[in-house]
Amino acid sequence: SHLASQMSKEIQVKIKDEKAMLFTPYNMDFVKRIKQFSDARWDTHKKCWTINKENLDAARTVMREIYGYSDVDINEKVTVRIHVKEYMCEEQADVMLFGKVLSHAYGRDSGGKPGRDVVYVHGNPCSGGSAAHWESGVEEGSEILLHNVNKNLYEAALEHPTEEYEIDLVEDDIDFWALKEEKRRLLKRIEDIDLILQKEEQE
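These numbers were taken from a predicted model, which means no experiment stands behind them. The residue numbering used here restarts from 1 in each chain and proceeds along that chain's sequence as written. At least 70 in pLDDT is required for a residue's local features to be given in this predicted model, at least 80 for side-chain atom pairs to be given and counted, and no such filter applies to totals for whole chains, interfaces and linings, which use all residues. Excluded from the side-chain calculation are hydrogens and water; included are all heavy atoms of the structure.

### As for the environment of Ala157
Strands are runs of DSSP state E lasting at least two residues, helices are runs of H or I lasting at least four, and both sets are numbered from the N terminus onward. The residue Ala157 is located in helix 3 (residues 151-159) in this model. Here, two residues are considered to be in contact whenever any of their heavy atoms come within 4.5 Å of each other. Non-local contacts of Ala157, meaning those with residues more than four positions away in its chain, are made with Phe98 and Ile167.

Here's what the structure looks like:
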């Protein structure tokens, strides 16, 4: 779908003097990896990671592995359906998949909340564990739609199937909604035209 394959501005790199500033969506795995660069520093003011310019290619490799793209790649997006076969959980952290938050809890009894682009068709995000060792969870049997998933990440996941969940591609999701919207507009327009014609005939 042409709408889905536009360049994404979610990852940006700015170069100033000998430094590269990396603006990336929050992702725990990316944070862990970029901290392995001895020159990486978090800039609280600008909300970005800075590294030495000569390490930018290495950082782009990490971006591709974590996000599926870097600032110089096209971020083609797809919608996927996740069928959860086994209870999924993370202790004192979010349950994440393709960089999307499936469940965010902050205590044993807090319940779970889905993040952006995450829609539960069946089932729920939840919380559990103990007071000291609480966890974010996703109920077994949940069916979840994930929008704006990077296509490369989805394709890589297909090569490494897991017991926890099954993944399906939702074909042309965007076009389907766009067509419904267009139909609604056209029907409204026909009503307007009918009214104009009726007036014309009455005069």
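Structure's up, so let's keep going.
### Digging into the packing of aromatic side chains
Aromatic contacts are taken between Phe, Tyr and Trp rings whose centres are within 6.5 Å, Trp giving its six-membered ring; a plane angle under 30 degrees counts as stacked, one over 60 as edge-to-face, and the others as tilted. Applying the stated criterion across every chain yields a total of two aromatic pairs. Each ring, one from Phe30 and one from Tyr67, has its centre 5.4 Å from the other, and the planes form 50 degrees; the classification is tilted. Of the two residues, Phe30 sits in helix 1 (residues 28-34) while Tyr67 sits in helix 2 (residues 56-67), which places them 37 residues apart along the sequence. Relative accessibility thresholds used throughout: buried, under 20% of the residue-type maximum; exposed, over 50%; partly exposed, between the two (1.4 Å probe, protein chains only). Accessibility expressed as a relative area gives 8% for Tyr67, which makes it buried. One Lys or Arg, Lys14, reaches over the ring of Phe23 and ends 5.0 Å from the middle of that ring. Either the NZ atom of lysine or the CZ atom of arginine qualifies as a charge over a ring when it sits within 6 Å of the ring centre and within 35 degrees of the ring normal.

### Digging into the sheet that holds strand 6 (residues 88-91)
Within a sheet, neighbouring strands are paired by backbone hydrogen bonds and run either parallel or antiparallel to one another. Between any two strands, at least two bridges found by DSSP are needed for them to pair. Taken in spatial order, the three strands line up as 6-11-10 in an open sheet, and their pairing is antiparallel. Every interior strand has two partners, whereas the edge strands, strand 6 and strand 10 (125-129), have only one. On average, adjacent strands in this sheet sit at an angle of 30 degrees to one another, irrespective of strand direction. Direction of pairing for strand 6 relative to strand 11 (residues 134-138): antiparallel, over a ladder of four bridges. Within the sheet, the bridge partner assigned to Met88 lies in strand 11 and is Val138. Lines fitted to the C-alpha atoms define the axes, with helices restricted to the stretch that makes contact. Angles between their N-to-C directions range from 0 to 180 degrees.

### Re the confidence of the model for the chain
For every residue, the predictor states its confidence as a pLDDT score lying anywhere from 0 to 100. For the chain, per-residue confidence averages 90 on the pLDDT scale, and residues scoring 70 or more make up 92% of the total. No element of the chain has a lower mean pLDDT than helix 4 (residues 173-202), which averages 80, and none a higher one than strand 4 (residues 48-52), which averages 98. Contacts of residues 1-8 to residues separated by more than four positions or lying in other chains number 17 contacts, the stretch itself having pLDDT below 50.

### Some points on the pairing of strand 1 (residues 12-16)
Remark: a regular strand shows side chains that alternate across the two faces of the sheet. In this structure, strand 1 lies alongside strand 2 (residues 19-23), joined through five bridges in antiparallel fashion. By the bridge assignment, Val13 is partnered in strand 2 with Leu22. Linking two consecutive strands that pair antiparallel, namely strand 1 and strand 2, is a turn of two residues; a positive phi of about 55 degrees is found at Asp17 within it.

### Here we look at helix 3
Within the sequence span of helix 3, burial applies to Leu153, Tyr154 and Ala157. Summarising the axial view, the buried residues of helix 3 lie within an arc of 100 degrees, below the 170-degree limit, and thus occupy one face. Buried residues belonging to helix 3 abut helix 2, strand 5 (77-84), strand 12 (143-150) and strand 13 (165-170). An arc is given here, and it is the one of the directions from the helix axis to the C-beta atoms.

### What about the nonpolar core?
To form a nonpolar core, buried Ala, Val, Leu, Ile, Met, Phe, Trp, Tyr and Cys residues must be joined to one another through side-chain atoms within 4.5 Å. Val80, Ile82, Phe98, Leu102, Ile144 and Leu146 are the most contacted members of the largest nonpolar core, which totals 20 residues. Put simply, the parts of the chain that give this core at least two residues each are strand 5, strand 7 (95-97), strand 9 (118-122), strand 12, helix 3 and strand 13. A per-element tally of this core places strand 5 first, with four residues. Contacts of Phe98, omitting those with residues within four sequence positions, involve Val80, Ile82, Leu146, Val149, Leu153, Tyr154, Ala157 and Ile167. In terms of nonpolar packing, the next biggest core, distinct from the first, is built from 18 residues, Val13, Leu56, Ala59 and Val62 among them.

### Considerations on the side chain of Thr79
As for its placement among the helices and strands, Thr79 is situated in strand 5. By the criterion applied in these results, polar contacts are pairs of N or O atoms within 3.5 Å in which, for protein atoms, one can donate a hydrogen and the other can accept it, and in which residues neighboring in sequence qualify only through two side-chain atoms. Among the polar contacts made by the side chain of Thr79, one reaches the side chain of His147 at a distance of 3.2 Å.

### Focus on the pairing of strand 2
Across the five residues that make up strand 2, a large majority, four, are buried. Pairing of strand 2 with strand 4, which is carried by four bridges, proceeds in the antiparallel orientation. Looking across to strand 4, one finds that Lys19 is bridged to Asn52.

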